[in-house]
Amino acid sequence: MRRIDGHTAVFGIIGNPIGHTLSPVIHNTISEAMGINAVYVPFAANGNLSSMVNGLYSLGVTGVNVTVPYKTEIIPYLSGIDPLAKEIGAVNTLKYTENGYYGYNTDILGLKRELEDEGVSLKGRDIVLLGAGGAARAVAFLCASSSPASITIVNRTLSKAFDICKDIEVYASGQEMPSGDFRVNAVALEDINTLRCTDYIVFQCTNIGLSPDDDACVLDDQDFYDRVSVGIDLIYKPAVTKFMKNVTDAGSKAYNGLKMLIYQAVSAYEIWNDLRVNDAVAGDLEALLTQTEKDSVG
Ligand code: NAP
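Before going into details, it helps to say that this report is about the structure given with it. Source: prediction; values computed, not measured. (Residues numbered from 1 in each chain as written. Predicted model: local features only at pLDDT ≥ 70, side-chain atom pairs only at ≥ 80, totals over all residues. Heavy atoms only, no water.)

Concerning unusual backbone geometry
Applied cut-off: Numbering goes from the N terminus for both helices and strands, where a helix is a DSSP run of H or I of at least four residues and a strand is a run of E of at least two. Classification of residues uses two cut-offs on accessible area relative to the type maximum, computed with a 1.4 Å probe and protein chains only: under 20% is buried, over 50% is exposed, and between them is partly exposed.
Here the amide bond leading from Asn 16 into Pro 17 is cis, since omega sits at 5 degrees, within 30 degrees of zero. Structurally, Pro 17 is set in the loop between strand 1 (9-15) and helix 1 (23-34). Here the phi dihedral of Asp 199 falls at roughly 60 degrees; this positive angle occurs in a residue that is not glycine. Considering the arrangement of structural elements, one finds Asp 199 in the loop between strand 9 (183-188) and strand 10 (200-204). Judged by relative accessible area, which is 46%, Asp 199 ranks as partly exposed. Unlike most non-glycine residues, Asp 274 shows phi in positive territory, near 50 degrees. Inspection of the secondary structure puts Asp 274 in the loop between helix 9 (258-273) and helix 10 (279-297). Taking relative accessible area as the criterion, Asp 274 reaches 65% and is therefore assigned exposed.

Okay, here's the thing in C-alpha cells:
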C-alpha cells in the first residue's frame, strides 16, 4: 500500500455529480506505476466556483480536473488558458502556476492520441459529427485543426449545430487547410437523408446509448452506416454501443471512447508532472478499466 506523507502532492477533480468518475482510479494507478508520491481525490463541488478555485489554490493543490457542469464556467477564474482550449471555450485540466491556475483541454489531446493509436488520420477526410453539445464542440475543433476536407455536424437541435459551424468557420479561416474549399455544414437529424458525402469518419458525440440504455442509438439509418468508413463513439460504457454495432454490421471499424478517457488523464498527468507516462502504463489502464466495468456489470 502507498504511504501518504508530508511530501505527498495532491491532485483532484471537481464536478457535480462526481460519484461515477473513473479519474481517481486512473490517476492513482499511474502514480503507483510511476513511483510518484501523489494522491488524486474527488471533490464534490457545491456551486461557488470562485471560493472553490481560491481554496484549491491556497491549499496548493497541484493539478485539478474539471468536469460537468464547470468546464466553461471556470474559465474566468484562471490566470491563463491554452489557445486551443480558448477556441473551444472549455477546459478540463488546471495546472498550478505561481500566478494562479492555467487551463488546458486534454479531452481533445486524449481523442487525438486515441486516433493516432488506432491509425485514424483526419487529414483530407470528410467528417460527420452526431451531436452538438460540449463534447461535439471540442471534437469539431480537433477535426478542424487536423486539415480535413469537410465537417458536417448533425444534431436534433439544428441551431446548436449552426453555432459550432460558425465558430469553426472563424477558426478555420486562420488555419491552412489542405484544399482551398474546406466545408463545414449543419444538418438536422431529421434531414439525415440530405447528407451527400460518402466514406466519412463519424464521431458519435450524443449521450444516446450510454449505459443503461445500451440498445439505444441516435440514428438507425442503414444508408448512413453503409457510407461510414470508421466510427468512433465517445461513450465507453457499454464497451460496445449500439452505434458501434451499426458501424461494424455495415462492415467498417468502430472504436469506443475508453482510450480517449485514458489519454485525457495521461495528458493531464504529463502536464502536471512534466514527464511522459510509459505507453505500457496506458495499456495496463485499458485492461484495468475494462475489467472494472465488467465487474460492475457482473
Ligand atoms: P451534452 O453537452 O449534454 O450534449 C448532448 C448531445 O446529445 C446534444 O447534441 C443533444 O442534442 C444530444 N441528445 C441528447 N438527447 C437526445 C435525443 N433524445 N435525441 C437526439 N439527440 C439527443 O453532452 P456532452 O458533454 O457533449 O457529452 C456527450 C457524450 O460524450 C456523453 O455520453 C459523454 O459521456 C461523452 N464523453 C466522453 C468523453 C470521453 O473521454 N470518452 C469525454 C467527454 C464526453 P440537442 O442539442 O438537440 O439537445
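Right, picking up where we left off after that structure.
Digging into the sheet that holds strand 7 (residues 126-130)
Rules: In this scheme, strands are said to pair when DSSP sees at least two bridges between them. Axis angles are defined between N-to-C directions and span 0 to 180 degrees, where every axis is a line fitted to C-alpha atoms and, for a helix, only to the segment in contact. Should any heavy atoms of two residues lie within 4.5 Å, those residues are counted as being in contact.
With parallel pairing, 6 strands are arranged side by side in an open sheet as 9-8-7-10-11-12. Strand pairing shows two members of the sheet lacking a second neighbour, strand 9 and strand 12 (253-255), which therefore form its edges. For this sheet, the mean inter-axis angle between neighbouring strands, taken without regard to orientation, is 15 degrees. In this sheet, strand 9 lies alongside strand 8 (residues 150-155) in parallel orientation, the contact comprising 6 bridges. Bridge pairing in strand 9 links Thr 152 to Asn 185. Running at roughly 135 degrees to strand 11 (residues 228-233), helix 4 (residues 106-118) makes contact with strand 10, strand 11 and strand 12 of the sheet. Across the face of the sheet, helix 8 (residues 242-249) comes into contact with strand 7, strand 10, strand 11 and strand 12 while running at roughly 160 degrees to strand 11.

Remarks on the pattern of salt bridges
Here is the rule: Any carboxyl oxygen of Asp or Glu that lies within 4 Å of a side-chain nitrogen of Lys or Arg is treated as forming a salt bridge with it.
For the structure shown, the criterion picks out 12 salt bridges. In this structure, Lys 242 and Asp 220 form a salt bridge, with 3.1 Å as the shortest nitrogen-oxygen distance. Here Lys 242 is found in helix 8, whereas its partner Asp 220 is found in the loop between strand 10 and helix 7 (222-226), with 22 residues between them in sequence. When salt bridges with common partners are traced through the structure, they connect Asp 117, Glu 118 and Lys 259 into a single cluster.

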